[in-house]
Amino acid sequence: MILETVCVGPMQVNCYILASSPDSKAIIIDPGEEKQKIERVLKKYNLKPEFIINTHGHIDHIGCDDKFGVKIYAHRQEVAILKSAGLNFSSFLSGISFSVKSDVQAVDDKETINFEGLELEVIHVPGHSPGAVALLLKKPKKNILFSGDSLFCQSIGRTDFAGASHELLVKSIKERLFVLPEDTVVYPGHGPATTIGEEKSSNPFLN
């Protein structure tokens, strides 16, 4: 399996490229910016992007959604955010109004995405954004979680803007993510990887 992290844009978003093997098709998670950096990794393994999954619809995670010519997946409650410059904070965060023009397919909590031997389960984790999700890799390897901007190493997502709720985010993390095995490796939307066990024991925002 191929799992590569590409740190993109001024807000240093972790874009993830996931594929079953070299010379195959790839999933791109949160291509926020810098298409050329993402393409270099695709070229390195001779991968062809098949679709994009957005963990949520804020501009720093969706800026390259239209640049690969593939279908986009996002939670049902997040589709309108991707499509609205006002809701995705593009004017506020980047100074440029942006909305996703490509087709966005809605997914729901507990839905499974199967693709070339890869299996991802959608986990709805509202709080940072109404339709924020984490993605749990179940095949071919287990105990890997892409947490978006919900759970970070020793931190949690921002909740100081419209559509966010600190109380809901904490509840979502504890009830939806902390039930996973403690050795689950967490790949967040920003910053270094961590584990569920480490965050349960020492995250200052959750203890």
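Check the entry above for the structure.
Within any chain, residue numbers begin from 1 and follow the written order of that chain's sequence. Given that this is a predicted model, residues contribute local features only at a pLDDT of at least 70 and side-chain atom pairs are listed and counted only at 80 or more, while totals for whole chains, interfaces and linings are drawn from all residues. Side-chain calculation: all heavy atoms of the structure are included, whereas hydrogens and water are not.

(A) Summary view of the overall build of the protein chain. Along the backbone of the protein chain there are six helices and 14 strands. Taking 207 residues into account, the globule formula puts the C-alpha radius of gyration at 17 Å, and the protein chain, at 16 Å, falls close to it. Projected onto its principal axes, the C-alpha positions of the protein chain cover 45 × 40 × 30 Å. The cut-offs for exposure are 20% and 50% of the maximum accessible area for each residue type, with area from a 1.4 Å probe on protein chains only; residues under the lower value are buried, those over the upper are exposed, and the others partly exposed. Looking at the 207 residues of the protein chain, the share that counts as buried comes to 54%. The contacts in the protein chain between residues at least 6 apart in sequence include a share of 55% that link residues at least 24 apart. Accessible surface, the protein chain as shown: approximately 9,000 Å² in total, 52% of it carbon and sulfur. Numbering of helices and strands runs from the N terminus; a helix is a DSSP stretch of H or I covering at least four residues, while a strand is a stretch of E covering at least two. Note on method: radius of gyration uses C-alpha positions; expected globular size equals 2.2 Å times residues raised to 0.38. Any two residues whose heavy atoms approach within 4.5 Å at even a single point are treated as in contact. Using a 1.4 Å probe, accessible areas were evaluated by the Shrake-Rupley method; residue-level cover was limited to the displayed protein chains.

(B) Representation of the side chain of Asn14 within the structure. Mapping Asn14 onto the fold places it in strand 2 (residues 13–19). Residue classification places Asn14 among the buried residues on the basis of a relative accessible area of 6%. A 3.5 Å cut-off defines polar contacts: any pair of N or O atoms within that distance qualifies, except that in protein one atom must be a possible hydrogen donor and the other a possible acceptor, and neighbouring residues in sequence count only when both atoms are side-chain atoms. In this structure the side chain of Asn14 is engaged in a polar contact, spanning 3.4 Å, whose partner is the side chain of Tyr16. In this view, Asn14 contacts Thr5, Val6, Cys7, Ile29, Asp30, Pro188, Gly189, His190 and Gly191; residues no more than four positions away in its chain are not counted.

(C) Summary view of the side chain of His128. Turning to its location among the elements, His128 is positioned in the loop between strand 8 (118–124) and strand 9 (133–139). Judged by relative accessible area, which is 4%, His128 ranks as buried. Here the side chain of His128 touches His58 through a polar contact of 3.2 Å, side chain to side chain. Once residues within four sequence positions are removed from consideration, His128 is found in contact with His56, His58, Asp149, Gly157, Arg158, Phe161, Ala164 and Leu169.

(D) Summary view of the sheet that holds strand 5 (residues 71–75). Strand order in this open sheet of six strands is 1-2-3-4-5-6, and the pairing throughout is mixed. Of all the strands in the sheet, just strand 1 (2–8) and strand 6 (104–107) have a single pairing partner and so form its edges. Going across the sheet, the axis of each strand differs from the next one's by a mean of 25 degrees, ignoring polarity. Each axis is a line fitted through C-alpha atoms, and for a helix only the stretch in contact is used; angles between axes span 0 to 180 degrees, taken between their N-to-C directions. With respect to the sheet, helix 1 (residues 35–44) is in contact with strand 1, strand 2, strand 3 (25–29) and strand 4 (48–53), its orientation differing from that of strand 1 by roughly 160 degrees. Any two strands between which DSSP finds at least two bridges are classified as paired.

(E) Inspection of the pattern of salt bridges at higher detail. We count a salt bridge whenever a side-chain nitrogen from Lys or Arg sits within 4 Å of a carboxyl oxygen from Asp or Glu. Overall, the coordinates contain 11 salt bridges when judged by the stated rule. In this structure, the salt-bridge partner of Asp108 is Arg76, at a minimum N-O distance of 2.9 Å. Residue Asp108 is found in the loop between strand 6 and strand 7 (112–115), and its partner Arg76 is found in the loop between strand 5 and helix 3 (79–82); the two are separated by 32 residues along the sequence. Judged by its relative accessible area of 29%, Asp108 is partly exposed. Among the salt bridges present, the one from Lys139 reaches Glu119, with a minimum N-O distance of 3.8 Å. Here Glu119 lies in strand 8 and Lys139 lies in strand 9, a separation of 20 residues in the sequence. The buried category is assigned to Glu119, whose relative accessible area is 15%.

(F) Expanded view of the packing of aromatic side chains. Pairs were defined over the aromatic rings of Phe, Tyr and Trp, the Trp ring being its six-membered one, requiring ring centres within 6.5 Å. Orientation was assigned from the angle between planes: stacked under 30 degrees, edge-to-face over 60, tilted for the rest. Evaluated as defined, the whole model comprises six aromatic pairs. Where Phe51 meets Phe115, the ring centres are 5.2 Å apart and the plane angle is 75 degrees; that geometry is what we call edge-to-face. Linking Phe51 in strand 4 with Phe115 in strand 7, this pair joins segments that are 64 residues apart in sequence. Judged by its relative accessible area of 6%, Phe51 is buried. Linked through ring pairs, Tyr16, Phe146 and Tyr187 together constitute an aromatic cluster. Look at NZ for Lys and CZ for Arg. If either is within 6 Å of the ring centre and within 35 degrees of the ring normal, a charge sits over the ring. The residue whose ring lies beneath Lys35 is Phe68, and the NZ or CZ to ring-centre distance is 5.6 Å.

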